[in-house]
Amino acid sequence: LWFVLAASGLLRPFSLGDDFSNLLIGLKHYQIGFTEKINTGVSPRVEDMSSSDVSLGFWYPPGPLYLIQFICFFGFTLADATRLSVFMASLAAGLGTLKVLEALGMDFKVRMIVAFIFCISIGTSFSGIASSDLFGLAILPWFFFLSIKFSRLILKDEISLQKVSLLVIGTGLLGGSVYWF
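Conventions we followed
- Residues numbered from 1 in each chain as written.
- Predicted model: local features only at pLDDT ≥ 70, side-chain atom pairs only at ≥ 80, totals over all residues.
- Heavy atoms only, no water.
- Helix = DSSP H or I, 4+ residues; strand = E, 2+ residues; numbered from the N terminus.
- Buried < 20%, exposed > 50% of the residue type's maximum accessible area, 1.4 Å probe, protein only.
- Contact = heavy atoms within 4.5 Å.
- Areas by Shrake-Rupley, 256 points an atom, 1.4 Å probe, with all protein chains shown as cover.
- Salt bridge = Lys/Arg side-chain N within 4 Å of Asp/Glu carboxyl O.
- Core = buried A, V, L, I, M, F, W, Y, C linked by side-chain atoms within 4.5 Å.

### Some words on the overall build of the protein
- A count of helices and strands for the protein gives 7 helices and 2 strands.
- Secondary structure elements of the protein occur, N-terminal to C-terminal, as α-α-β-β-α-α-α-α-α.
- Buried positions account for 34% of the 181 residues belonging to the protein.
- For the protein, the share of sequence-separated contacts (at least 6 apart) that also reach a separation of at least 24 residues comes to 66%.
- For the protein, the accessible area works out to roughly 11100 Å², and carbon and sulfur atoms hold 69% of it.

### What about the pattern of salt bridges?
- Per the counting criterion, the structure on display carries 1 salt bridge.
- Between lysine 99 and glutamate 102 there is a salt bridge, and its shortest N-O distance comes to 4.0 Å. Residue lysine 99 and its partner glutamate 102 are located together in helix α4 (residues 78–103), separated by 3 residues, close to a single helical turn.
- Of the residues examined, lysine 99 reaches a relative accessible area of 29% and is grouped as partly exposed.

### Observations regarding the nonpolar core
- In this structure, Phe20, Leu24, Leu27, Leu65, Ile68 and Leu78 are the most contacted members of the largest nonpolar core, which totals 18 residues.
- Looking at this core, the elements with two or more residues in it are α2 (18–32), α3 (63–72), α4 and α6 (133–154).
- If one sorts the elements of this core by residue count, α4 sits on top with 5 residues.
- When residues no more than four places from it in sequence are discounted, the contact partners of leucine 24 are Leu16, Leu65, Ile68, Leu78 and Thr82.

Right under this line is the structure:
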(Lines give C-alpha, C1' and ligand atoms only; values in the text may rest on other atoms or scores of the structure.)
Protein backbone atom coordinates (compact mmCIF):
# COMPACT_ATOMS: atom_id res chain seq x y z
CA LEU A 1 0.00 0.00 0.00
CA TRP A 2 2.77 2.43 0.92
CA PHE A 3 4.65 1.70 -2.28
CA VAL A 4 1.56 2.39 -4.41
CA LEU A 5 0.83 5.64 -2.55
CA ALA A 6 4.44 6.76 -2.72
CA ALA A 7 4.81 5.86 -6.40
CA SER A 8 1.62 7.77 -7.23
CA GLY A 9 3.05 10.70 -5.27
CA LEU A 10 5.90 10.86 -7.79
CA LEU A 11 3.41 12.25 -10.31
CA ARG A 12 1.94 14.95 -8.07
CA PRO A 13 3.14 18.43 -7.09
CA PHE A 14 6.08 18.21 -4.75
CA SER A 15 7.28 20.54 -2.01
CA LEU A 16 10.48 20.59 0.02
CA GLY A 17 11.68 21.78 3.39
CA ASP A 18 13.82 24.90 3.51
CA ASP A 19 17.07 23.01 4.11
CA PHE A 20 16.57 20.96 0.98
CA SER A 21 15.64 24.07 -0.99
CA ASN A 22 18.89 25.77 0.04
CA LEU A 23 20.88 22.68 -0.90
CA LEU A 24 19.24 22.51 -4.31
CA ILE A 25 20.06 26.15 -5.01
CA GLY A 26 23.71 25.27 -4.40
CA LEU A 27 23.44 22.21 -6.65
CA LYS A 28 21.80 24.25 -9.41
CA HIS A 29 24.59 26.84 -9.18
CA TYR A 30 27.10 24.00 -9.50
CA GLN A 31 25.31 22.49 -12.51
CA ILE A 32 25.11 25.84 -14.29
CA GLY A 33 28.80 26.46 -13.62
CA PHE A 34 28.46 29.38 -11.21
CA THR A 35 30.50 27.52 -8.59
CA GLU A 36 33.14 24.80 -8.55
CA LYS A 37 31.81 22.97 -5.49
CA ILE A 38 28.52 21.15 -5.18
CA ASN A 39 27.54 22.59 -1.81
CA THR A 40 28.08 26.30 -2.44
CA GLY A 41 25.87 29.18 -3.48
CA VAL A 42 26.31 32.47 -5.29
CA SER A 43 24.73 35.75 -4.22
CA PRO A 44 25.24 39.33 -5.44
CA ARG A 45 27.41 41.66 -3.38
CA VAL A 46 25.42 44.37 -1.68
CA GLU A 47 28.22 46.90 -2.08
CA ASP A 48 28.80 46.14 -5.77
CA MET A 49 25.91 44.50 -7.63
CA SER A 50 28.14 43.84 -10.64
CA SER A 51 30.01 41.13 -8.70
CA SER A 52 29.06 38.11 -6.62
CA ASP A 53 30.07 36.33 -3.43
CA VAL A 54 30.38 32.56 -3.22
CA SER A 55 29.20 31.03 0.05
CA LEU A 56 31.54 28.16 0.80
CA GLY A 57 28.98 25.62 1.83
CA PHE A 58 25.78 25.41 3.74
CA TRP A 59 25.57 23.81 7.16
CA TYR A 60 23.31 21.07 5.82
CA PRO A 61 24.86 17.71 4.89
CA PRO A 62 25.83 17.58 1.20
CA GLY A 63 25.29 13.82 0.80
CA PRO A 64 21.84 14.07 -0.81
CA LEU A 65 23.25 16.38 -3.48
CA TYR A 66 25.66 13.73 -4.70
CA LEU A 67 22.83 11.24 -5.12
CA ILE A 68 20.67 13.81 -6.91
CA GLN A 69 23.57 14.83 -9.15
CA PHE A 70 24.20 11.16 -9.99
CA ILE A 71 20.55 10.70 -10.98
CA CYS A 72 20.78 13.86 -13.13
CA PHE A 73 23.56 12.19 -15.15
CA PHE A 74 20.90 9.81 -16.49
CA GLY A 75 18.98 12.69 -18.06
CA PHE A 76 16.58 13.48 -15.22
CA THR A 77 15.79 17.10 -14.47
CA LEU A 78 16.82 18.45 -11.08
CA ALA A 79 13.20 18.34 -9.89
CA ASP A 80 12.63 14.75 -11.05
CA ALA A 81 15.99 13.58 -9.66
CA THR A 82 15.11 15.14 -6.30
CA ARG A 83 11.68 13.54 -6.29
CA LEU A 84 13.14 10.13 -7.18
CA SER A 85 15.90 10.35 -4.57
CA VAL A 86 13.40 11.28 -1.84
CA PHE A 87 11.24 8.33 -2.89
CA MET A 88 14.22 5.94 -2.77
CA ALA A 89 15.36 7.30 0.59
CA SER A 90 11.92 6.95 2.16
CA LEU A 91 11.60 3.44 0.75
CA ALA A 92 14.99 2.50 2.23
CA ALA A 93 13.99 4.02 5.59
CA GLY A 94 10.74 2.05 5.70
CA LEU A 95 12.25 -1.26 4.65
CA GLY A 96 15.18 -0.79 7.03
CA THR A 97 12.84 -0.08 9.93
CA LEU A 98 10.84 -3.23 9.21
CA LYS A 99 14.06 -5.25 8.96
CA VAL A 100 15.21 -3.96 12.36
CA LEU A 101 11.86 -4.87 13.92
CA GLU A 102 12.12 -8.33 12.40
CA ALA A 103 15.68 -8.75 13.72
CA LEU A 104 14.48 -7.73 17.18
CA GLY A 105 11.90 -10.53 17.01
CA MET A 106 8.85 -8.28 16.87
CA ASP A 107 5.58 -9.98 16.07
CA PHE A 108 4.28 -9.79 12.50
CA LYS A 109 1.26 -7.79 13.66
CA VAL A 110 3.50 -5.19 15.31
CA ARG A 111 5.55 -4.88 12.14
CA MET A 112 2.40 -4.38 10.09
CA ILE A 113 1.16 -1.68 12.47
CA VAL A 114 4.49 0.12 12.14
CA ALA A 115 4.32 -0.25 8.35
CA PHE A 116 0.79 1.17 8.36
CA ILE A 117 1.82 4.13 10.52
CA PHE A 118 4.77 4.73 8.22
CA CYS A 119 2.41 4.55 5.25
CA ILE A 120 -0.14 7.04 6.57
CA SER A 121 2.57 9.40 7.82
CA ILE A 122 3.82 9.79 4.27
CA GLY A 123 0.49 9.37 2.51
CA THR A 124 0.54 10.67 -1.01
CA SER A 125 2.91 13.58 -0.40
CA PHE A 126 6.54 13.73 0.60
CA SER A 127 6.39 17.36 1.76
CA GLY A 128 6.48 16.46 5.45
CA ILE A 129 9.67 14.43 5.19
CA ALA A 130 11.41 16.03 2.23
CA SER A 131 14.35 17.44 4.11
CA SER A 132 18.01 16.54 3.92
CA ASP A 133 17.63 14.59 7.18
CA LEU A 134 15.62 11.95 5.32
CA PHE A 135 18.79 10.54 3.79
CA GLY A 136 20.29 9.94 7.22
CA LEU A 137 17.03 8.31 8.27
CA ALA A 138 17.23 6.08 5.20
CA ILE A 139 20.64 4.73 6.18
CA LEU A 140 20.32 4.64 9.97
CA PRO A 141 17.98 1.61 10.28
CA TRP A 142 20.41 -0.41 8.17
CA PHE A 143 23.25 0.48 10.57
CA PHE A 144 21.06 -0.64 13.46
CA PHE A 145 20.23 -3.86 11.62
CA LEU A 146 23.93 -4.57 10.97
CA SER A 147 24.84 -3.81 14.58
CA ILE A 148 22.17 -6.22 15.79
CA LYS A 149 23.58 -8.92 13.49
CA PHE A 150 27.18 -8.22 14.51
CA SER A 151 26.34 -8.06 18.21
CA ARG A 152 24.73 -11.46 18.00
CA LEU A 153 27.86 -12.82 16.35
CA ILE A 154 30.27 -11.15 18.78
CA LEU A 155 28.31 -11.76 21.98
CA LYS A 156 27.29 -15.31 21.11
CA ASP A 157 29.91 -16.96 23.35
CA GLU A 158 30.46 -14.48 26.17
CA ILE A 159 29.29 -11.03 27.11
CA SER A 160 32.09 -8.66 27.89
CA LEU A 161 31.93 -5.00 28.74
CA GLN A 162 34.70 -4.26 26.25
CA LYS A 163 32.85 -5.89 23.33
CA VAL A 164 29.59 -4.20 24.19
CA SER A 165 31.37 -0.84 24.59
CA LEU A 166 33.08 -1.19 21.21
CA LEU A 167 29.78 -2.09 19.60
CA VAL A 168 27.98 0.89 21.11
CA ILE A 169 30.81 3.27 20.20
CA GLY A 170 31.04 1.88 16.67
CA THR A 171 27.29 2.14 16.15
CA GLY A 172 27.31 5.70 17.46
CA LEU A 173 30.19 6.70 15.20
CA LEU A 174 28.59 5.10 12.15
CA GLY A 175 25.20 6.59 12.94
CA GLY A 176 26.68 10.01 13.57
CA SER A 177 28.72 9.90 10.37
CA VAL A 178 25.50 9.54 8.38
CA TYR A 179 24.74 13.19 9.01
CA TRP A 180 27.99 14.33 7.41
CA PHE A 181 27.83 11.94 4.43
